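Analysis of the macromolecular model
Spelled out, the chains give:
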2 protein chains.
Amino acid sequence: MNRSSKPLIDVCISPALYPQFSPQDSIVVVIDILRATSSICVAFANGASSLVPVATIEDSMAYKTKGFLIGAERQGAMLDGFDFGNSPFSYMDARIKNSNIALTTTNGTKALNIAKNAHTVVVGSFLNIDVLSQWLVKQNRNVICLCAGWKNSMNLEDTLFAGALVDALQNDFDFSDFRDSAIAAQQLYSLAKNDLYGYLDNSSHRKRLERLHIEDDIHYCLQLNKAPVVPVLRGHTLYAL
Amino acid sequence: MNRSSKPLIDVCISPALYPQFSPQDSIVVVIDILRATSSICVAFANGASSLVPVATIEDSMAYKTKGFLIGAERQGAMLDGFDFGNSPFSYMDARIKNSNIALTTTNGTKALNIAKNAHTVVVGSFLNIDVLSQWLVKQNRNVICLCAGWKNSMNLEDTLFAGALVDALQNDFDFSDFRDSAIAAQQLYSLAKNDLYGYLDNSSHRKRLERLHIEDDIHYCLQLNKAPVVPVLRGHTLYAL
């Protein structure tokens, strides 16, 4: 990176495209709007001490015996034997304050795990967009927005948030040579920003979640700055900055 | 596929995402607007008998001894010893009529090769959009728009054409459950369609091609219906339908 110029911002719209990027010197913002990274921001805004993203249900269960609260979601639903699913509302629980949490989700924790080779990994959502973008500007380092998507397919809500971040950072960052996904994300956000909920009406993930009757979760996750913290990965664990 | 309902249309915005799709029963439309699939349409509109997409420069050279005209492009430029590069204008040459051509390009021929497991593979570009979409409607079969992109990254021009095709086919096709990339492509096309050239002004590939001084090629490739043929892959060779 040329320190005399602006740092670069890039958008990776699916984990399957992440191998095209060079994240070793970059900050990776992991994005899973519905609902993992939104819920993680809520947990830290409500005083969680730490959160370990784990790959499997079994890994998550193993943390239970270590005194962790454990969360798990598969196919959009909470699982028996767990303290939480993936709803942001469950992370407003009184038990959250000063707790250590282990969480596994379909896409979000997978994206956090594949981002581990980056210089720094942080968690992004509409709920922390302003504090996150202000913090990113101060770092003067290349940024890659990593959309968790849905099982390696692109999804609109993660791409829209990446576009919102590009929009917020456009004066302080340049696009890389592979700018097209950043341009596309920003332009889709420009179409959607006045009514994110309405815009996502036809999206694939929204349709899937509708079947689960979690419209309140979706409304919550599309609000700005309700959880103004920046979760950062240190080793295998997320902490609030 | 449920034959009693409409077939599905999907958009694969990078070859790296193609493994997520199930193309065995689908028609795959391979898209490399700047410039491989545009030039292939031009070649057939000008009377080429056949065109073999080949992987390497060496493969292309080997066809020379078999009486083929050979084309090659790498890093956007034509190579010494070849009859053509990747410019649509070179495929208007008088030698094209009744010729057999072997062509290798950076992204387009690679995408044609990875699509070979599909039920049917055809070539799409703005230059053949109307005949192509009319033909697709008649097939009553699922369609996957495969964007060649640039070295596995998304690019805007291929995504825009996928969006144009979704737009043209929206009354005759449904979206699959993984509809988000099709929605995104269609919406980006809606932003761009009144001035494709202006819209692509900041795109990554356009910037790369500008360095090669091929603005005329770009203008040509963004026109509608200048080469109204549908190239289809049979075995390893493309023919006009």
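Cut-offs applied
- All residue numbers here refer to positions counted from 1 along the written sequence of the relevant chain.
- Chain A is the first chain written and ligand 1 is the first ligand written, with later ones labelled in order.
- Where local features are concerned, this predicted model is filtered to residues with pLDDT of at least 70; where side-chain atom pairs are given and counted, the filter is 80 or more; whole-chain, interface and lining totals use all residues.
- For side-chain calculations, the full set of non-hydrogen atoms in the structure is used, while hydrogens and water are omitted.
- Here the copies are matched by least squares. The fit uses the C-alpha atoms of residues with pLDDT of at least 70 in both.
- We call two residues contacting when some pair of their heavy atoms lies within 4.5 Å.
- Accessible area is worked out with a 1.4 Å probe on protein chains only. A residue is then buried under 20% of its type maximum, exposed over 50%, and partly exposed in between.
- Elements are defined by DSSP. Helices are runs of H or I of four residues or more, strands are runs of E of two residues or more, and each kind is numbered from the N terminus.
- For two strands to be treated as a pair, DSSP must find no fewer than two bridges joining them.
- Any carboxyl oxygen of Asp or Glu within 4 Å of a side-chain nitrogen of Lys or Arg constitutes a salt bridge here.
- The definition of a polar contact used here is a pair of N or O atoms within 3.5 Å, where within protein one atom must be able to donate a hydrogen and the other to accept one, and adjacent residues in sequence count solely through side-chain atom pairs.
- Amino acids outside the nonpolar list (Ala, Val, Leu, Ile, Met, Phe, Trp, Tyr, Cys, Pro) and the charged list (Asp, Glu, Lys, Arg) are all regarded as polar, and Gly is one of them.
- The angle between two axes is taken between their N-to-C directions and runs from 0 to 180 degrees, where each axis is a line fitted to C-alpha atoms and a helix contributes only its stretch in contact.
- Note on terminology: angles under 35 degrees are roughly parallel, angles over 145 are roughly antiparallel, angles of 65 to 115 are roughly perpendicular, and the others are oblique.
- Arc definition: directions from the helix axis to the C-beta atoms.

A word on the relation of the copies chain B and chain A. Each copy of the sequence occupies a distinct position, and chain B is placed on chain A by a rotation of 180° and an axial shift of 0.0 Å, giving an RMSD of 0.0 Å. Taken together, the turn and the small shift mark the pair as related by a two-fold rotation axis. The residues that chain B uses at the interface reappear at the interface of chain A in 100% of cases, marking a shared surface.

Residues and elements named next belong to chain B. For strand β4 (residues 69–74), the buried fraction is high: five of the six residues fall into the buried class. Taken together, the four bridges between β4 and strand β6 (residues 100–104) define a ladder with parallel strand orientation. Bridging from a neighbouring strand, A72 pairs with T104 of β6. Relative to strand β5 (residues 77–78), β4 runs antiparallel, the two sharing two bridges. Across the sheet, E73 pairs through a bridge with M78, a residue of β5. The antiparallel hairpin formed by β4 and β5 contains two residues in its connecting segment, where Q75 sits at a positive phi of about 55°.

With that settled, the discussion passes to unusual backbone geometry. Residue and element names in this part refer to chain A. R35 follows L34 through a cis peptide bond whose omega is 15°. On the secondary structure map, R35 appears in the loop between β2 (27–31) and α1 (36–45). Located in the positive-phi region is N225, a residue other than glycine, with phi close to 65°.

This part takes up the pattern of salt bridges. Enumeration according to the criterion identifies ten salt bridges over all chains in this entry. The residue B:R35 makes a salt bridge to B:D217 at a minimum N-O spacing of 2.6 Å. Of this pair, B:R35 sits in the loop between β2 (27–31) and α1 (36–45) while B:D217 sits in helix α9 (residues 215–221), placing them 182 residues apart in sequence. Here B:R35 and B:D217 have matching classes, each one buried. If you follow the salt bridges from partner to partner, you end up with A:K64, A:D83, A:D93 and A:R95 in one network.

Along the chain, A:A94 turns up in the loop between β5 (77–78) and β6 (100–104). C-alpha separation for the pair A:A94 and A:N46, spaced 48 residues apart in sequence, amounts to 8.3 Å.

This next bit is on the interface of chain B and chain A. On the side of chain A, 31 residues touch chain B, which itself brings 31 residues to the contact. Summed over the shared surface of chain B and chain A, the number is zero salt bridges. Taken together, chain B and chain A are joined by four residue pairs in polar contact (both at pLDDT 80 or more). Mapped onto the side of chain B that touches chain A, the elements with two or more residues apiece are α5 (156–169), α6 (180–192) and α8 (204–210) of chain B. At seven residues, α6(B) tops the list of elements feeding residues into the side of chain B that touches chain A. Of the residues belonging to the side of chain B that touches chain A, the class tally is twelve nonpolar, eleven polar and eight charged.

Locating A:A240 in the fold gives a position in strand β11 (residues 237–240). A sequence separation of 191 residues divides A:A240 from A:S49, and the C-alpha atoms of the two residues are 7.6 Å apart.

All names here are of chain A. Between helix α5 (residues 156–169) and helix α6 (residues 180–192), the shortest axis-to-axis distance is 7 Å and the interhelical angle comes to 100°. Between α5 and α6, the angle falls in the class roughly perpendicular. Facing α5, whose interface residues are L156, T159, L160, A162, G163, A164, V166 and D167, α6 presents A182, A185, Q186, L188, Y189 and A192. Among the residues making up the contact of α5 with α6, the classes are represented as ten nonpolar, three polar and one charged.

Before going further, it helps to examine helix α4 (residues 129–139) of chain A. Given 3.6 residues per turn, any residue in an α-helix points the same way as the ones three and four places further on. Residues and elements named next belong to chain A. Three or more residues of α4 are buried, namely I129, L132, S133, W135 and L136. Seen end-on, α4 carries its buried residues on one side only, within an arc spanning 160°. Residues of α4 that are buried make contact with β2, β7 (120–124), β8 (143–147) and α5. Following α4 by one or two positions, N140 has its phi on the positive side, about 50°.

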